[in-house]
Amino acid sequence: MKTVSIKASSSYEIKIGSRLFSTLGQEAAATVSGRNAVIVSDSNVFPLYGKKAEESLRNSGFHVFSFVFPAGESSKNGETYLRILNFLAQNQITRSDLLLALGGGVVGDLTGFAAATYLRGIAYIQLPTTVLAAVDSSVGGKTAIDLPAGKNLAGAFYQPRLVLCDTDTLSTLPAEIFRDGCAEIIKYAVLYDPGLFAHLAEKGLDFDRETVIARCVELKGNAVMQDEFDTGERMKLNLGHTLAHGIEHLSGFAVSHGRAVAMGMALISRAAAAAGFCPEETAREISRLIAMFGLPTETEYSACSLANAALSDKKRFGDVIRLILPRAIGNCIIYPLPVQQLHFFVEAGL
Ligand code: NAD
Ligand code: GLY
């Protein structure tokens, strides 16, 4: 097992390793004084791991309630959020009790937002079961739901009390979803760590899960500790994401987030190389690694549609859009580009 410590507005540990769910009850009992625990999960994950989590919590003296909603991004909305809050109120959950987010990023974001707002904030533990949730969404306290006008438009910064990442759960992930999460792992390597990049290039999908997840969590943790509220260093975690959000949007969300991030990273790296920010070979290396993970490096969309879609993203600041550009593997910068230049910048990366 590996442990990473986060010291932000609150401090907590992220534990990563095999068979960790068997320790859940003890960990939860050490986290809160109340003895009601509410597991929030989705219709795919709960049948796989719900009973085990319930049993471990009961063995440590918890009265356990479970709330399960239909799997998928379409559940990450105001309706499910209010159903969770009502479920908590109906079961007289108090501020000394505990929520547990058992699942991927959808479960984590919804549960975190419910925890941030129910009774003005109750404790929650993240139990990530996708690669994306393990290396990204369970760490750093961004919680959100989608609104009809767009993704993640309502949310809060609210840190969990603990993250328990049981790497055994990743074995039941469909291959496509596993691969999708790997786009975020590649992102950390390009942003911060040539050694991680080399490990991934050597091992491909057979990378050492515990070590790599722990390293990504450490790298994300460093960004969060420097900039919890996302006004500086944390923005770098959006490498490839501005274009990715455009691609997801243009495809009507038929292109998955991970695949869109992969395309976005490849494209922005080629554009950065064309504009002289990094050598052409750096962009080629990034594309080679993405392709090695079975992820795409090209998009069918035009520079014009990509730029327009990207400019409706919430990362735009007035007349400037902040792009994350590689200068080398492990070294990226935040570059403010005037919005009218985005189309030409993107075109060079197509
Ligand atoms: P997800 O939660 O929808 O999970 C993907 C699919 O895998 C779902 O069908 C789920 O039921 C299934 N699944 C999960 N774990 C499984 C397992 N172990 N075995 C079998 N099936 C399993 O999607 P995701 O990719 O984990 O997360 C995407 C969400 O995360 C998006 O809503 C995105 O906005 C959010 N996100 C949040 C942050 C943040 O910082 N809060 C960061 C990145 C992404
Ligand atoms: N997913 C980016 C962040 O947490 O800031």
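Up top is the structure these notes are about.
Residues numbered from 1 in each chain as written. Chains lettered and ligands numbered in written order. Predicted model: local features only at pLDDT ≥ 70, side-chain atom pairs only at ≥ 80, totals over all residues. Heavy atoms only, no water.

Novice: Looking at this model, I keep getting lost on the overall build of the chain. Mind explaining?
Specialist: Within the chain, the regular secondary structure consists of 13 helices and 12 strands. Radius of gyration (C-alpha) of the chain: 20 Å, near the 20 Å computed for a compact globule of 350 residues. Sequence separation of at least 24 residues holds for 73% of the intrachain contacts in the chain that already meet a minimum separation of 6. About 13,900 Å² of surface is accessible on the chain, with carbon and sulfur atoms providing 51% of the total. Here the chain contributes 32 positively and 35 negatively charged side chains, and the mean placements of these two sets differ by 4 Å. (Helix = DSSP H or I, 4+ residues; strand = E, 2+ residues; numbered from the N terminus. Rg over C-alpha atoms; globule rule 2.2 N^0.38 Å. Contact = heavy atoms within 4.5 Å. Areas by Shrake-Rupley, 256 points an atom, 1.4 Å probe, with all protein chains shown as cover. Lys, Arg positive; Asp, Glu negative; His and termini not counted. Charge placed at Lys NZ, Arg CZ, Asp CG, Glu CD.)

Novice: Please clarify how the site of ligand 1 should be interpreted in this entry.
Specialist: The immediate surroundings of ligand 1 are formed by 26 residues, with Asp-42, Glu-73, Thr-129, Thr-130 and Thr-172 found nearest. One of the side-chain nitrogen or oxygen atoms of Thr-130 is found 2.7 Å away from an oxygen atom of ligand 1. Protein chains shield 86% of the accessible area of ligand 1, which is 860 Å² for the free molecule. Sorting the residues of the shell around ligand 1 by element identifies helix H2 (45-59), helix H4 (105-117), helix H5 (131-137) and strand E8 (150-157) as the ones contributing at least two each. Split by residue class, the shell around ligand 1 holds nine nonpolar, nine polar and eight charged. (Near = heavy atom within 4 Å. Polar contact = N/O pair within 3.5 Å; in protein donor to acceptor, adjacent residues only side chain to side chain. Nonpolar A, V, L, I, M, F, W, Y, C, P; charged D, E, K, R; others polar.)

Novice: I tried to follow the packing of helix H3 (residues 78-90) against H4 on my own but got confused; where do I start?
Specialist: Packed helices, taken two at a time, are described by the angle their axes make and the gap between the axes. At a closest axis distance of 10 Å, the pairing of H3 and H4 adopts a crossing angle of 50°. In this view, H3 runs oblique relative to H4, as classed from their interaxial angle. Relative to H4, H3 is oriented so that their crossing is right-handed. In contact with Thr-80, Tyr-81, Ile-84 and Leu-85 of H3, H4 contributes Leu-110, Phe-113, Ala-114 and Thr-117. For the contact of H3 with H4, the per-class residue count stands at six nonpolar, two polar and no charged. (Axes fitted to C-alpha atoms, helices over the stretch in contact; angles between N-to-C directions. Parallel < 35°, antiparallel > 145°, perpendicular 65-115°, else oblique. Left-handed = near helix turned anticlockwise from the far one by under 90°.)

Novice: In this structure, what is going on with the packing of aromatic side chains? I would like to understand it.
Specialist: Aromatic rings considered in pairs are described by the distance between their centres and by the relative angle of their planes. Taken as a whole and judged by the stated rule, the model has nine aromatic pairs. Residues Phe-21 and Tyr-49 carry aromatic rings whose centres are separated by 6.4 Å and whose planes lie at 80° to one another, so their mutual orientation is edge-to-face. In this pair, Phe-21 sits in the loop between strand E2 (11-17) and helix H1 (24-31) while Tyr-49 sits in helix H2, placing the two residues 28 residues apart along the sequence. Accessibility assignment for this pair places Phe-21 and Tyr-49 in one class, buried. These aromatic residues form a ring-pair network of at least three members: Phe-178, Phe-207 and Phe-293. In this structure, Arg-35 packs its charged tip against the face of Phe-62, placed 4.8 Å from the ring centre. Of note, Lys-187 hangs over the ring of Tyr-188, and the distance from its end group to the ring centre comes to 4.9 Å. (Phe/Tyr/Trp six-rings, centres within 6.5 Å; stacked < 30°, edge-to-face > 60°. Buried < 20%, exposed > 50% of the residue type's maximum accessible area, 1.4 Å probe, protein only. Lys NZ or Arg CZ within 6 Å of the ring centre and 35° of its normal.)

Novice: Looking at this structure, how should I read the site of ligand 2?
Specialist: The immediate surroundings of ligand 2 are formed by Asp-136, Lys-142, Lys-220, Arg-234 and Leu-237. One nitrogen or oxygen atom from the side chain of Asp-136 is found 3.1 Å from a nitrogen atom belonging to ligand 2. Between Arg-234 and ligand 2, the recorded distance is 2.7 Å, taken from a side-chain N or O atom to an oxygen atom. Calculation on ligand 2 without its partners gives an accessible area of 200 Å², and the protein chains cover 86% of this total. Tallied by class, the residues present in the shell around ligand 2 amount to one nonpolar, no polar and four charged.

Novice: Please clarify how the sheet that holds strand E9 (residues 162-166) should be interpreted in this entry.
Specialist: As a general point, the strands of a sheet are linked pairwise by backbone hydrogen bonds and lie either parallel or antiparallel. Ordered by their spatial adjacency, seven strands build an open sheet running E1-E2-E9-E6-E5-E3-E4, and the pairing between neighbours is mixed. In the strand order of this sheet, the two ends are held by strand E1 (2-7) and strand E4 (63-69), each with one partner. Strand-to-strand twist across the sheet, computed as the mean angle between neighbouring axes with direction ignored, equals 15°. Of the strand pairs in this sheet, strand E6 (residues 123-128) and E9 are connected by two bridges, and their pairing is parallel. Note on E9: the bridge partner recorded for Ile-125 is Leu-162. On top of the sheet, H4 reaches strand E3 (36-42), E4, strand E5 (98-103) and E6; it is set at about 165° to E5, its chief contact. (Pairing = 2+ DSSP bridges.)

Novice: Help me understand the pairing of strand E7 (residues 142-147), please; the structure alone is not making it clear to me.
Specialist: For a regular strand, side-chain orientation follows a simple rule: the groups alternate between the two sheet faces. Judged from the five bridges that link them, E7 and E8 form a sheet pairing that is antiparallel. Opposite Lys-142, over in E8, you have Phe-157 as the bridge partner. A loop of two residues connects E7 with E8, the two strands running antiparallel in sequence.

Novice: Please explain the environment of Leu-24 as it appears in this structure.
Specialist: Within the fold, Leu-24 resides in helix H1. The exposure class assigned to Leu-24 is buried, which follows from its relative accessible area of 0%. Setting aside its immediate chain neighbours within four residues, Leu-24 contacts Ala-53, Ser-56, Leu-57, Leu-100, Leu-127 and Leu-164.

Novice: Which parts of the structure should I look at to understand H2?
Specialist: For the α-helix, the turn length of 3.6 residues means that residues three or four positions removed from each other point alike. Look at H2: 21 Å from first C-alpha to last across 15 residues, which is about the 21 Å you get at 1.5 Å a residue. The axis of H2 is deflected most strongly, by about 25°, at Lys-51. For H2, the complete set of buried residues consists of Val-45, Phe-46, Tyr-49, Gly-50, Ala-53, Glu-54, Ser-56 and Leu-57. Next to the buried residues of H2 lie H1, E3, E4 and E5. Positive backbone phi, approximately 90°, marks Gly-61, located one or two places after H2. (Expected span 1.5 Å × (residues − 1). Bend = angle between axes of the 7 residues up to and from the residue.)

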